[in-house]
Amino acid sequence: MRWPTSDKLRSLVQLPDGYKFERLERAHVAPLIAAIRVWHPDITVGVNSGYLREEYYLNRVYFEGESERDILVVPISFKGELIGIWSFEREIDSLAIYGRTIIVAPAHRGANLALFVLKGTENLGRAMGAAFMYAMATLKIPHVQRALENAGYRLLGFFPGYDREEVAPGVVKRVYQAVYAKLLVPSDEVLRPDPRNMTPTSKALFDLLFSD
Amino acid sequence: MLVFYDGKKMKWPGIDQLSVMAPLPEGYRYEWLKRSDIPALVKAIARWHPDIAVGGGSCYLREDFYFENVFLEGEQEKNILVGLFKRGDEFAGMWSWEQEPDALSLYGRLIIVAPEHRSAKLASKVMPLAELAGRAMGAEFLFALATLKIPHMQHALETAGWQLIGFTSGYDREEVAPGLVKRVFEGVYTKVLVPEEELARPDPNNLTPRGRALFEVLFPHSAAVPQTTH
């Protein structure tokens, strides 16, 4: 599963007029961190707080033309101005893509970039040979859940407290998040479990979620 | 109380503390993986659990995975840990955890016990150990995926008080018959290590109808009172 070039990414994922994916360069990192801090101040705690640390990019994120790494960060611009980032992670052994985050400047939230990006992730995943895509959705607002459901993602369950958020100024709590996924392979390539190998709890929840 | 958390960094516990937290049956002991153990461990895992050759766990059959990603005894801290069950000089099994310091969480990645040592019930020690070590490290949330090929891991997690919160529908791959690889479902189990009041409950108005229905099944007492606008 190799990352596409930024040119290839632009052909796989359509954005609204005026918006463009940029190639992440090392020189972008400091201004990007400063911008994310303004766009999404809640991110200072929790699993995505790494996007505010320079060493996170230098140690974990792929820069085009350098050695492959598992996390990709794609800056998004509008008429030349940086207005957001999209980031995902590949899991090569599972052939999976994890949609980690999309952060957009408040002034551009009406452009529905998340919807375009969700559709595009599927094209990207297929081009990379992924078979499974997943993402976590905040329960602070319903928009991401709706966008994932409209894009054909299936709700698989909830993580009760996997991540932390600043729920009010200075108050950090663990939060529930919804887990959504989409399969990119035909359903006959997935083995359904034998109910005899499931506990009663497991079977009851499985029947509720996958009775179709 | 043992503490391996300084408020900023989660540190793996010392091997001596493990036997205090969850003593093993007589004759068995814990060890952290050493660099010199890696080739023999890879061979042992391939023999104990040949199905692991495809899918998310296949990295445990590659020596470079350990060199690049795993904390090795006496070396620099890394986010993935491999523990060994040993009896004399023999490997009796292994388990692996991954810490996510930004989320203060611990992920139970894998447990494999050698077939000839399965009657010692070594795997059942790892669930309470994860909770004790996790708390000492400052972890607030534990999670693990359980195979649905056999019920043992589901039973063990449920008995240890972990909650089933959903399933992955094809996240991983397994060799389900010789030469036949399929994607598989796995159970997702979690355990929250903080008091209820440290968990922010969602406003049901912020969930989609589908989300709200499932949330009420999984957490019947956890939905917050809907917020009203005045």
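Going by the structure above, here's the rest.
Residues numbered from 1 in each chain as written. Chains lettered and ligands numbered in written order. Predicted model: local features only at pLDDT ≥ 70, side-chain atom pairs only at ≥ 80, totals over all residues. Heavy atoms only, no water.

Of the regular secondary structure elements, chain B holds 6 helices and 9 strands. Expressed as lengths along the three principal axes of its C-alpha atoms, the size of chain B is roughly 70 × 45 × 35 Å. When each of the 230 residues of chain B is scored for burial, the buried share is 52%. In chain B, 57% of the contacts between residues at least 6 apart in sequence involve partners at least 24 apart. Of the side chains in chain B, 25 bear a positive and 30 a negative charge, and the two mean positions are spaced by 3 Å. (Helix = DSSP H or I, 4+ residues; strand = E, 2+ residues; numbered from the N terminus. Buried < 20%, exposed > 50% of the residue type's maximum accessible area, 1.4 Å probe, protein only. Contact = heavy atoms within 4.5 Å. Lys, Arg positive; Asp, Glu negative; His and termini not counted. Charge placed at Lys NZ, Arg CZ, Asp CG, Glu CD.)

Broken down by element type, chain A carries 6 helices and 8 strands. In chain A, the succession of α and β elements from N to C terminus is α-β-α-α-β-β-β-α-β-α-β-β-β-α. Against the globule reference of 17 Å for 212 residues, chain A gives a C-alpha radius of gyration of 18 Å, in line with a compact fold. By its C-alpha atoms, chain A is 55 × 40 × 35 Å across when sized along the principal axes. Scored against the burial criterion, the 212 residues of chain A give a buried share of 54%. Taking all contacts inside chain A whose residues are at least 6 apart in sequence as the whole, residues at least 24 apart take part in 58%. Carbon and sulfur atoms make up 52% of the accessible area of chain A, which totals about 9,500 Å². Looking at chain A, you have 26 positive and 25 negative side-chain charges, and the mean spots of the two groups are 2 Å apart. (Rg over C-alpha atoms; globule rule 2.2 N^0.38 Å. Areas by Shrake-Rupley, 256 points an atom, 1.4 Å probe, with all protein chains shown as cover.)

Time to look at the pairing of strand β7 (residues 163–177) of chain B. Here β7(B) pairs with strand β8 (residues 180–192) of chain B via 11 bridges, running antiparallel. Looking at β8(B), one finds that D172(B) is bridged to V184(B). (Pairing = 2+ DSSP bridges.)

So, on to the nonpolar core. Among the nonpolar cores identified, the biggest contains 127 residues, and I36(A), Y57(A), F158(A) and W97(B) are the most heavily contacted of them. For this core, the leading source of residues is helix α4 (residues 123–137) of chain B, giving 7 residues. Sequence-distant contacts of F158(A), that is, excluding residues within four places in its chain, are made with L139(A), Q177(A), A178(A), I165(B), L207(B), G211(B), L214(B), F215(B), L218(B) and F219(B). Judged by nonpolar contacts, the second largest core, of 22 residues, contains V42(B), V70(B), V82(B) and F91(B). (Core = buried A, V, L, I, M, F, W, Y, C linked by side-chain atoms within 4.5 Å.)

Before going further, it helps to examine the interface of chain B and chain A. Facing the 57 residues of chain B at the interface are 54 residues of chain A. When chain B packs against chain A, close to 4,800 Å² is buried across both sides, 62% of that on carbon and sulfur atoms. In terms of surface lost to chain A, no three residues of chain B exceed D102(B), F167(B) and R183(B), which account for 16% of the buried area on that side. In this structure, the connection of chain B to chain A is made through 4 salt bridges. Measuring nitrogen to oxygen at the nearest pair gives 2.5 Å for the salt bridge that ties E140(B) to R174(A). Of all the elements in the fold, those that place two or more residues in the side of chain B that touches chain A are β6 (141–147), α5 (152–159), β7, β8, β9 (199–200) and α6 (209–218) of chain B. (Buried area = accessible area lost by both parts, 1.4 Å probe. Salt bridge = Lys/Arg side-chain N within 4 Å of Asp/Glu carboxyl O.)

For the pair helix α6 (residues 200–209) of chain A and α6(B), the least separation of the axes is 12 Å and the interaxial angle reads 170 degrees. As summarised for this structure, α6(A) and α6(B) are arranged roughly antiparallel, according to the angle between their axes. Note on element contacts: α6(B) touches α6(A) through L214(B), V217(B) and L218(B), opposite L205(A), L208(A) and L209(A). Here the residues of the contact of α6(A) with α6(B) sort into 6 nonpolar, no polar and no charged. (Axes fitted to C-alpha atoms, helices over the stretch in contact; angles between N-to-C directions. Parallel < 35°, antiparallel > 145°, perpendicular 65-115°, else oblique. Nonpolar A, V, L, I, M, F, W, Y, C, P; charged D, E, K, R; others polar.)

A separate point is the pairing of strand β4 (residues 96–104) of chain A. Residues and elements named next belong to chain A. Burial of β4 is extensive: 7 of the 9 residues sit out of reach of the surface. Relative to β4, strand β3 (residues 81–91) is paired through 8 bridges, and the arrangement is antiparallel. The residue bridging G84 from the neighbouring strand is V104, located in β4. The turn linking β3 back onto β4 is made up of 4 residues, and L95 within it adopts a positive phi angle of 55 degrees. One crossover worth recording links β4 to the parallel strand β5 (residues 132–138) by way of helix α4 (residues 113–128), and it is right-handed. (Right-handed = clockwise from strand over helix to strand, strands pointing away.)

Let us look at α4(A). Residue and element names in this part refer to chain A. Helix length check: α4 (16 residues) gives 22 Å between terminal C-alpha atoms against 22 Å at 1.5 Å per residue, within 8%. Looking at α4, one finds that the buried residues are L113, V117, L118, G120, T121, E122, L124, G125 and M128. In the stretch just after α4, G129 is the one whose phi turns positive, near 85 degrees. (Expected span 1.5 Å × (residues − 1).)

Before going further, it helps to examine the packing of aromatic side chains. The tally for this structure, following the rule as stated, stands at 37 aromatic pairs over all chains. Seen in terms of ring centroids, Y176(A) and F219(B) are 5.0 Å apart; in terms of plane orientation they differ by 70 degrees. Their pairing is edge-to-face. Here Y176(A), found in strand β7 (residues 171–183), pairs with F219(B), found in the segment after α6, and the two come from separate chains. One aromatic cluster is present, formed by W12(B), Y30(B), W32(B), F85(B), W95(B) and W97(B) through successive ring pairs. (Phe/Tyr/Trp six-rings, centres within 6.5 Å; stacked < 30°, edge-to-face > 60°.)

Moving on, we come to unusual backbone geometry. The phi dihedral of K79(A) is positive, around 50 degrees, even though this residue is not glycine. Using a relative accessible area of 69% as the deciding quantity, one classes K79(A) as exposed. A positive phi angle is found at L104(B), which is not glycine, with a value near 50 degrees. For L104(B), a relative accessible area of 4% translates into the label buried.

Time to look at the pattern of salt bridges. Residue and element names in this part refer to chain B. As enumerated under the stated definition, the model contains 32 salt bridges over all chains in all. E131 serves as the salt-bridge partner of K191, at 2.6 Å between the closest nitrogen and oxygen. Placement of K191 in strand β8 and of E131 in helix α4 is noted, with a sequence separation of 60 residues between them. Note on accessibility: K191 and E131 belong to one class, buried.

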